2 protein chains.
Amino acid sequence: MNQSSLTCRYSNVAKALKAVILTLLMIMLWQSALFSQGNFPGSTAGVRAGEATWIWYPGDYAIWLANKMQNRRTERGSFLPVFWKMDSHYVLVEFHKDFELKAPERVRIAAEGRFNIKIDGKALTGSPENIVMPSGKHRLSLKVFNQANVPAVFVSGDDVKSDSSWKVTFEDKEWIDASGKASDKSGTIYQSVGYWNFNSALQKPSQFHLRTKQKQAVKKEFLPDGSILLDFGQETFGYVRLKNITGKGVVRMYYGESREEALSRDSCETLDTIMLQHAVSGFDTMTASTKAFRYVQISTPKGLSIDDADMLYEYAPVTTRGSFSCSDTLINKIWQVANYTLHLNTREFFIDGIKRDRWIWSGDAYQSYLMNYYLFFDQPTVKRTLYALRGKDPVTSHINTIMDYSFYWFMGVKDYFEYTGDSALVRTIYPKMVTLMDYCLSRRNKDGFMEGLPGDWVFIDWADHLTKQGALSFEQLLFCQSLKTMAICARVSNDLKGAAEYSKLSNELTRKLFDVFWDQNRHAFIHSDIGGRSGEQVFRYTNMFALLLGYLDSAKQKEVVSHVLLNKQVQAIHTPYMRFYELEALCAAGKLNVVTGEMRNYWGGMLARGATSFWEQYDPAAKGAAQYAMYGRPFGKSLCHAWGASPIYLLGKYYLGVKPTSPGYQTYEVRPQLGGLKWIKGTVPSADGDIQVYCDAKKISVKSSGIIGVGTLIIQSKTPPTTVQGTIRKIQDGLYKVEILPDQQYVVNYVAM
Amino acid sequence: MNQSSLTCRYSNVAKALKAVILTLLMIMLWQSALFSQGNFPGSTAGVRAGEATWIWYPGDYAIWLANKMQNRRTERGSFLPVFWKMDSHYVLVEFHKDFELKAPERVRIAAEGRFNIKIDGKALTGSPENIVMPSGKHRLSLKVFNQANVPAVFVSGDDVKSDSSWKVTFEDKEWIDASGKASDKSGTIYQSVGYWNFNSALQKPSQFHLRTKQKQAVKKEFLPDGSILLDFGQETFGYVRLKNITGKGVVRMYYGESREEALSRDSCETLDTIMLQHAVSGFDTMTASTKAFRYVQISTPKGLSIDDADMLYEYAPVTTRGSFSCSDTLINKIWQVANYTLHLNTREFFIDGIKRDRWIWSGDAYQSYLMNYYLFFDQPTVKRTLYALRGKDPVTSHINTIMDYSFYWFMGVKDYFEYTGDSALVRTIYPKMVTLMDYCLSRRNKDGFMEGLPGDWVFIDWADHLTKQGALSFEQLLFCQSLKTMAICARVSNDLKGAAEYSKLSNELTRKLFDVFWDQNRHAFIHSDIGGRSGEQVFRYTNMFALLLGYLDSAKQKEVVSHVLLNKQVQAIHTPYMRFYELEALCAAGKLNVVTGEMRNYWGGMLARGATSFWEQYDPAAKGAAQYAMYGRPFGKSLCHAWGASPIYLLGKYYLGVKPTSPGYQTYEVRPQLGGLKWIKGTVPSADGDIQVYCDAKKISVKSSGIIGVGTLIIQSKTPPTTVQGTIRKIQDGLYKVEILPDQQYVVNYVAM
C-alpha cells in the first residue's frame, strides 16, 4: 500500500458481519493511535536507575525502527525507499544476568517473540509469565526469537529486573556433547544490552509510535472548483482527519509546504487518496500516513461531502532545555524558528527534512547532533541515529553511499562522547567503528588518500564547479578527523594497540594533507591533487573545516580567514548545510560580528519571505514560486530542513560560549561573546544539568545547576574584571578566567572590548 | 508460545461476538491448513521454463524459512532454539529486467511487501496490480520492502514474466544530484534472483507450508488410568487431531518414537498440551505444531472426553525417482526403510532427525545430499539447505559452530555441482564461499593447520578416546578438500586468480598432511600432531576419508584397507554417521562383499529390533529401553535420523555403480557390482532423466532415458563380454567398457569374476 486508502467493500452476503468486524478493527486502530500516548512517557531521556526496562541487542532496535521510518517515504503516491543496504536485527538472542538473592523472589516475565527461560542453564517448562527465582546465587537467562520485530524482554521483580546491566549475545554456542556435557563458551562475545524508555511490561517496543495532538487549521478557503484549501498557519506534520463524510468516491489531498505547492495538483511532492467504494453517512476517517505541510488542498468528487477537517500533529516528546534571547528581536525570532525546525526534524531519529526524504542522512544528522547538545540534549536520539546509520556488518558501501558521510559518522561518535561522556556507548559501538574504518582503509589509493571508487558518492556540497575526481583535500581532512576519533575511542575501549595505530595513521595523513594540498602562495588548501583549473582551485570547504577542527596554527588561521573566508573571490556557499561550518569557522576565528550580520541576512531573509521553518536551501535572488524548485522539480525543495537550524548551535556554543573541554562536561568552558549584540542570555543543557549565562557589555553572570564538573569562565575585558563569588585569574593581557563551581551564581563586572 | 495450546476464553460480556470471530478465524486457519495443498504442486523440482514464478534475493528465502523451521524445536515443552547466529533476508531489494516488446502488454504484478514499480527508472503512481508495458525496449524495475517476510515479486504478462533471468540487488545506489541527474551505478552488484516453485500469484512464498494427509492409528489401547495410547504402526510426523471433545480441562499428549517413550510421562522428549478453559461440546481441534512419533499417549482430565483421535501426516512432496531391488529380501527391506527415513527427514530442508533437533546440521545434510542424488534428485532442497547453512556475512563462527561442518559445506557445493552441473548456483554462492574460506584461512596456526580455537566445536564423531586438541589429521584432510572445492568453483565463477591460489594452497596442505601425519610404519594416518598416546593413535576417520576422496595411491589404499579398515584393533565406529564413510571407503576399495554383510548386520539389526526408520545410533549390545538413551537422557536418541539412510547411497553409487564423471552427467560411469548378491536392479535419477541398471552374474543391462550425456559402462568379466547394441573395448585384462548413448537399451553378456 503506497497510498493512504481506506477501502470499504460490502458484499451482499456478509455485509452485516463484516461491518461489525470492520468497526471493531477501526476501534482498535483508533485506540492504538490515540490512547497509546499514555504508554509512552513525555520524555525520551531514557530509563531511570533502578527501574525495569525492555532490553534488546544493542543497536538492533534503532536498525529495526529506522527501517520502518525510512520506508514511509512517498513521492507523488509512489513508495520511495532508500538506495543503500538496509540491515535487520538479530532474530535470535540470549539475555542473561547473575543474581544473588536473600530470599526466593517472584519475577514477572514479558517478551517480544517466542522465548525460553533458564535458571542456571536449566530450562523451565513452557514460557511462563511468572517465575520464582530461588535464593542464593543464580543465573537467569532468556532466549528469544522474533523475525518480524526485535527480540526483547522485560523482567520485573523486587531485585531481579531487566536493565542496562544485562548481557546479550547472538550466538551463545551452548552445545552439548553425546554425554550431555555442556560446551565451554569461551568464544562467545557478550555485549551490554540496548534499551530506551519502555519501562513497563505493556509498553512493547514493537508498538512504539510518536505522540500526536489535534490541531485546527487557521484558515479555510473554498477554491473555484469546490475544493477546500486548509492553511495551518505554519509548517506542520501529521495526519489529516476528515469528518462527517457522506457519500462515496475518491477524496484527493494535495500537500504543500507553500500555498503554490498545495495548489499544484500536478507538481506537489506528496499527495494522498482516501477511497470510499461504498456510500457512507457521517463517517470520520484519517490518512494512513503522516505528511509535512502547511497547506492541504482537499478535493472531493461529486456525490461526496465533508463537513470539516483537522489534523493530528505528530511529534517526538523531547524537551526544549536550551534557550537563547538577546537584544535583537530578529535573532530571537531566528532562534525560535530554528528551535521549531529542529523539533520537527527530531523524530524517531534525526532526519534531514520532514517533507521529502524523511531519511537519516549522516551529514545532516551530524549537524542535528550538535544542535541537539544546545537544545534538547536528548542522548537516546543521538544513539539511535548513530546505530541506525551504521547498520550491521559487513560494510558494503559508505554510509548513505557517501564517502564524506562515513567520516561524519565517526565525528558524530567523537562529539557524542565529548558532550555526554557516555563511554558505555563508545565501547559497545567500537567494533562497528573498527569495521567501517577497515572498509575506509581498504579503499586508499597508492598515496594513502581516499578517492571516489565505483559506487562511492563524493558529495561535499550542492555546488557548481566542484569536481569530485581524484583525492580531494576535503575528504582527506575528514578522514584525518575520523582516524583521530578512532584513536580516542580505541583508548576508551581499552584497545591500546589500536589507539597507537590510529594515532600514527592520522598523524601521517595530516602531514601528507599539508604537504600535498596546502598552497603557501594562495594561503589556503587547494581542492584536489589533480592538476588543472578545478583541481588547483580554492574552495571554502577544506579551509573552513581545517580552521574549526583545529588543524591550523594561528598564522594559518589568519591566512585562511582573510584569503578564503572573507574573500569574495572564493565561490560562495549557498546551502545552509555548509553555511553551518562556514559560520562556525568564522566564530572560531572570533569574527562573531560578521556571523551576526550573516544570520540576520540569510535566516532573516527566509523569515522575510514568510518562512515558518528553515529551508533546505535559500537563494536571495530567486523570486516567487521559483524559490521552491530543486532537483529539477518545481517543489523539490524542502522548506523544513534540520540543517537550516544551525543558529541554535552557533548561538549556544559561540555567543553563550559554552562547550565541554573534557568528556561529559567534567570540565567545560564558558566564554560569552556579544557578537555585536547588546545583551545575550540563555541556557545550555548537559547530561546532568544546565548552565545559565547572561552577558552584556559590563556584566557576565553564570550559574551551573546540577552539573558535577568544573567550568572555566573566560572573560575578555579592557580592564581587570571584578567578582565577589570567585577568584579572577589573568591569562594574558585583556584575558581573564574564573573557576565555576557547581550550583553557585557568579557575577562578573568587566568592560567589553 | 512454546506449547501447543488452544485457549478459549469467553468473557461474560462479549461471549457471543467473540465466538463468531473465533469461529471465523478457525475456519480461516483450517482453510489455510487444509486447502492450500492445491497451491503447492506435487513436486519441488522447481519452475518450468517459460513460466512466471515468484522471485527473491538468492538465498534469502532459505534463510528466512530455516529460521521459521529451526525455531519450532521444543524439548519437554520448552522452546529450544539453535546456538549459532541466525541471519535474516535483505529487507529492501530491487528487481529488474530489460524487455523488448513488439506491442504494449498488460502485465499483472503481485508482491510480498511494500513496493514501487519503475519503467525506465520512472516510478508509476501507487503500487498498481496491473500495468501496461509499452512496446519497444524498456526496463521494468520493482523495489520491495518487507521486514517480516522475504521481499518477493510475481510478474505475469504474455512476454513480461518474473523468472530466473531477472537481476536483483540489495543496494542499488540510485541517487540523484541537486540537478536531478541520476548517479552512475557502476559500483552496484546485481545477482541472479532466487526462486522455487511458487508459480502463481496466489502462491505467496510467505504462506508456504508442507503438505498434509490424514492418517489413522493402527492400534488404540486404553491404559489403566484412562489414558489412550495410539500406535500409528510406524514412525511418523505431524499434527494430532482430537475429535468430538466434550467438557473442559487440560489434555496432555506424550509422544514416543518407542512405546516406552510414550508411556514415560517424565522422560519422553516431546509433549503437548491443549487447554480448554471453558466447557465445549462436540469440539474438534488439533495440535499447534508438528511432532515425530509412532506412539502418542493422550491423557484427559476428569470431566473431559474425547471420541476419537487421528493425525495429519506432514510431508514434503518430493518424488522417489531412484529404486533398488535385489535377490536379498533383507537388503530390499533396508532400502525401503532407508527411503522412508530419508523422506521423513527431507522437509523444508534436509534435517538431522525429526524428533529432537529438527535442525539443519551441515554434517548430516552433506550425507542427505548424497543420498538425495540417488533417491529424489531434488535440487531445490539441496540449494535451500546450502543457503540456509551458510547464512550471511560476516562469518562469526564455523557452520553450526563446528569446524568439520564448515568443510562439509564446501564439499556439499562440490558434489552438488558434480551431480547437477548447476553452474548458476556456483556463481551465485561463490562470494559466500570466499568469505567462509577467508574465515578458515584466518584461523590457521603457524604451521598452516587449522586447530580448534575458543568457540570452535571440533566434532568428527560421537566416539570415545578421540582427543580434539591440536591440529588433527582429519580436519586438515577436509580442509584440503574444501580448498580443492574452492579452486573448482573459482574456475566456474571465472575467478582465475582465485583458482590458482586455492589450488596452490590445497597442494601445499596435501603435502604437509602426508609429511606430518602419515606414519609409514603403521601404514596409516595418525590422529594428531600432538605427541602422546592419543595423538599418535590411529583412528579410522582420516584413513577412510583419504581413501574415498582419492588422496591415496593404490599402494597406500591397500595399506589402509588391511591396516585400518579391516583391522579390528582399530577402534570401531558406532554411529551410522561415520559408518556411512567407512562403508563407502570399503566400497571404493572394492570390498563390496564386506559391505553387504555389514549392511545386513547393522541395518538388519535395527530392523530385527522393530525399527520402522533408521536410528541416530545403534549399539547391538544395548537391550530393552536402554537402547533409546543418549545425551544422558533415557529417550534422548532419535529413532529416525537422516544419516541412518546411507544404504540408498551405497547401493546406488557402488552396487548399481552409477556416478557422474563430469558436471551434471555430461559424462558418467556405470559400473555394476553384485557385492555377493545374485542380482541387482534399479534406477538412478539425474537432472534430466534416469539410468536403469540390471545386473546378475551373466548379464548386465543399462538404459539411460532423457539424459543428454554419454555414459561409460565398465564391466569386469572373466571372458570378453558380448553385446549387440554397442562396441566393447578392452581397458585391461578382465576389464572392458561400452559407450552408453542416450535412450538406447544396452544388454551385455559377461562372466562375473
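Structure: above.
Since the structure is predicted, the reported quantities are computational estimates derived from the model, not experimental observations.

Asks: Quick question: what am I supposed to make of the overall build of chain A here?
Replies: The secondary structure content of chain A amounts to 16 helices and 33 strands. Radius of gyration (C-alpha) of chain A: 28 Å, near the 27 Å computed for a compact globule of 753 residues. Considering only C-alpha atoms, chain A reaches an extent of 85 × 80 × 60 Å along its principal axes. Split into buried and exposed, the 753 residues of chain A put 59% on the buried side.

Asks: Is there a simple way to explain the nonpolar core in this structure?
Replies: The nonpolar side chains of soluble globular proteins are, as a tendency, buried together. Counting residues in each nonpolar core, the largest one holds 212 residues, and the members touching the most others are Leu-242, Ile-298, Tyr-408, Trp-409, Phe-545, Met-578 and Tyr-655 of chain B. Residues Met-253, Ile-298, Val-337 and Cys-440 of chain A belong to the second largest nonpolar core, which totals 210 residues.

Asks: What exactly am I supposed to notice about the pattern of salt bridges here?
Replies: When the charged atoms of two side chains lie near each other, side chains of opposite charge can form a pair. Residue and element names in this part refer to chain A. According to the stated counting rule, one finds 68 salt bridges over all chains in the structure shown. Put simply, Lys-85 and Asp-87 hold a salt bridge, and the shortest N to O gap is 3.1 Å. When sorted by exposure, Lys-85 lands in the same class as Asp-87, which is buried. Residue Lys-414 is joined to Glu-418 by a salt bridge in which the shortest nitrogen-to-oxygen separation is 3.1 Å. Separated by four residues within a single helix, Lys-414 and Glu-418 lie in helix H7 (residues 403-420), roughly one turn from each other.

Asks: Looking at this model, I keep getting lost on the packing of aromatic side chains. Mind explaining?
Replies: Each aromatic ring pair is summarised here by two numbers: the centre-to-centre distance and the angle between the ring planes. Residue and element names in this part refer to chain A. Tallied over the entire structure, the rule returns 128 aromatic pairs over all chains. Summarising the aromatic geometry, the rings of Tyr-408 and Tyr-581 are spaced 6.3 Å apart at their centres and angled 10 degrees between planes, so their arrangement reads as stacked. Residue Tyr-408 is found in helix H7, and its partner Tyr-581 is found in helix H14 (residues 576-588); the two are separated by 173 residues along the sequence. Relative accessible area serves as the criterion here: at 0%, Tyr-408 is assigned to the buried category. Of the residues examined, Tyr-581 reaches a relative accessible area of 1% and is grouped as buried. Ring plane angle 40 degrees and centroid distance 4.3 Å describe the contact between Phe-545 and Tyr-581, whose orientation is recorded as tilted. Of this pair, Phe-545 sits in helix H12 (residues 540-548) while Tyr-581 sits in helix H14, and the two are 36 residues apart along the sequence. The ring centre of Tyr-313 lies 4.1 Å from the NZ or CZ of Lys-215, which sits over that ring.

Asks: Looking at this structure, how should I read helix H15 (residues 592-608) of chain A?
Replies: Spacing of three or four residues puts side chains on the same side of an α-helix, whose turn is 3.6 residues. All names here are of chain A. Taking 1.5 Å of rise per residue, the 17 residues of H15 would be expected to cover 24 Å, and the 23 Å separating its terminal C-alpha atoms lies within 8% of that figure. All buried positions along H15 are accounted for by Leu-592, Val-595, Thr-596, Met-599, Tyr-602, Trp-603, Gly-604, Gly-605, Met-606 and Leu-607. For H15, the secondary structure elements touched by its buried residues are helix H4 (329-345), H14 and helix H16 (647-655). Once H15 finishes, Gly-610 follows within two positions and takes phi at roughly 90 degrees, a positive value.

Asks: Help me understand the pairing of strand S10 (residues 152-156) of chain B, please; the structure alone is not making it clear to me.
Replies: A regular strand carries its side chains on alternate faces of the sheet. Residues and elements named next belong to chain B. The buried fraction of S10 is high, at four of five residues. The pairing of strand S5 (residues 105-112) with S10 spans five bridges and is classified as antiparallel. Looking at S10, one finds that Ala-110 is bridged to Phe-154.

Asks: What is the right way to look at the sheet that holds strand S7 (residues 122-123) of chain B in this model?
Replies: Across a sheet, strands are paired by hydrogen bonds formed along the backbone, either parallel or antiparallel in direction. All names here are of chain B. Sheet architecture is open: six strands sit in the order S7-S6-S9-S4-S11-S12, paired in antiparallel fashion. Every interior strand has two partners, whereas the edge strands, S7 and strand S12 (191-192), have only one. Here strand S6 (residues 114-119) runs beside S7; their pairing, made up of two bridges, is antiparallel. Bridge pairing links Lys-118 to Ala-123 in S7.

Asks: Just to check I follow, could you spell out the relation of the copies chain A and chain B for this structure?
Replies: In this structure, two copies of a chain are linked by a rotation about an axis accompanied by a shift along it. Overlaying chain A with chain B gives an RMSD of 0.1 Å, the required rotation being 180 degrees about an axis along which the chain moves by 0.0 Å. One copy is carried onto the other by what is essentially a two-fold rotation axis. When C-alpha distances to the rotation axis are compared across chain A, the minimum falls at Ala-148 of chain A, with a value of 2.0 Å. By residue overlap, the copies meet face to face through one surface: 100% of the interface positions of chain A are interface positions in chain B.

The rules behind the values
All residue numbers refer to positions counted from 1 along the written sequence of the respective chain. Lettering for chains starts from A, numbering for ligands starts from 1, and both go in the order in which the items are written. Only residues with pLDDT of at least 70 get local features here, since the model is predicted, and only at 80 or more are side-chain atom pairs given and counted; chain-wide, interface and lining totals rely on the full set of residues. Side-chain numbers here rest on the full set of heavy atoms in the structure, without hydrogens or water. The way it works is that DSSP assigns letters per residue, a run of H or I at least four long becomes a helix, a run of E at least two long becomes a strand, and they are numbered from the N terminus. We compute the radius of gyration from the C-alpha atoms alone; for a globule the expected value is 2.2 Å times N to the 0.38, where N is the number of residues. Residue exposure (1.4 Å probe, protein chains only): buried if accessible area is under 20% of the type maximum, exposed if over 50%, otherwise partly exposed. To qualify as a nonpolar core, a set must consist of buried Ala, Val, Leu, Ile, Met, Phe, Trp, Tyr and Cys residues joined through side-chain atoms within 4.5 Å. The working definition used for a salt bridge is a side-chain nitrogen of Lys or Arg within 4 Å of a carboxyl oxygen of Asp or Glu. For Phe, Tyr and Trp, where Trp contributes only its six-membered ring, two rings pair if their centres lie within 6.5 Å, and the inter-plane angle classes them as stacked under 30 degrees, edge-to-face over 60, or tilted in between. Our definition puts a charge over a ring when NZ of Lys or CZ of Arg is within 6 Å of the ring centre and also within 35 degrees of the ring normal. Multiply 1.5 Å by the residue count of a helix minus one, and that product is the helix's expected span. Throughout, a contact is declared for two residues whenever any of their heavy atoms are within 4.5 Å. Between any two strands, at least two bridges found by DSSP are needed for them to pair. Superposing the copies works by least squares over the C-alpha atoms of residues that have pLDDT at least 70 in both of them.

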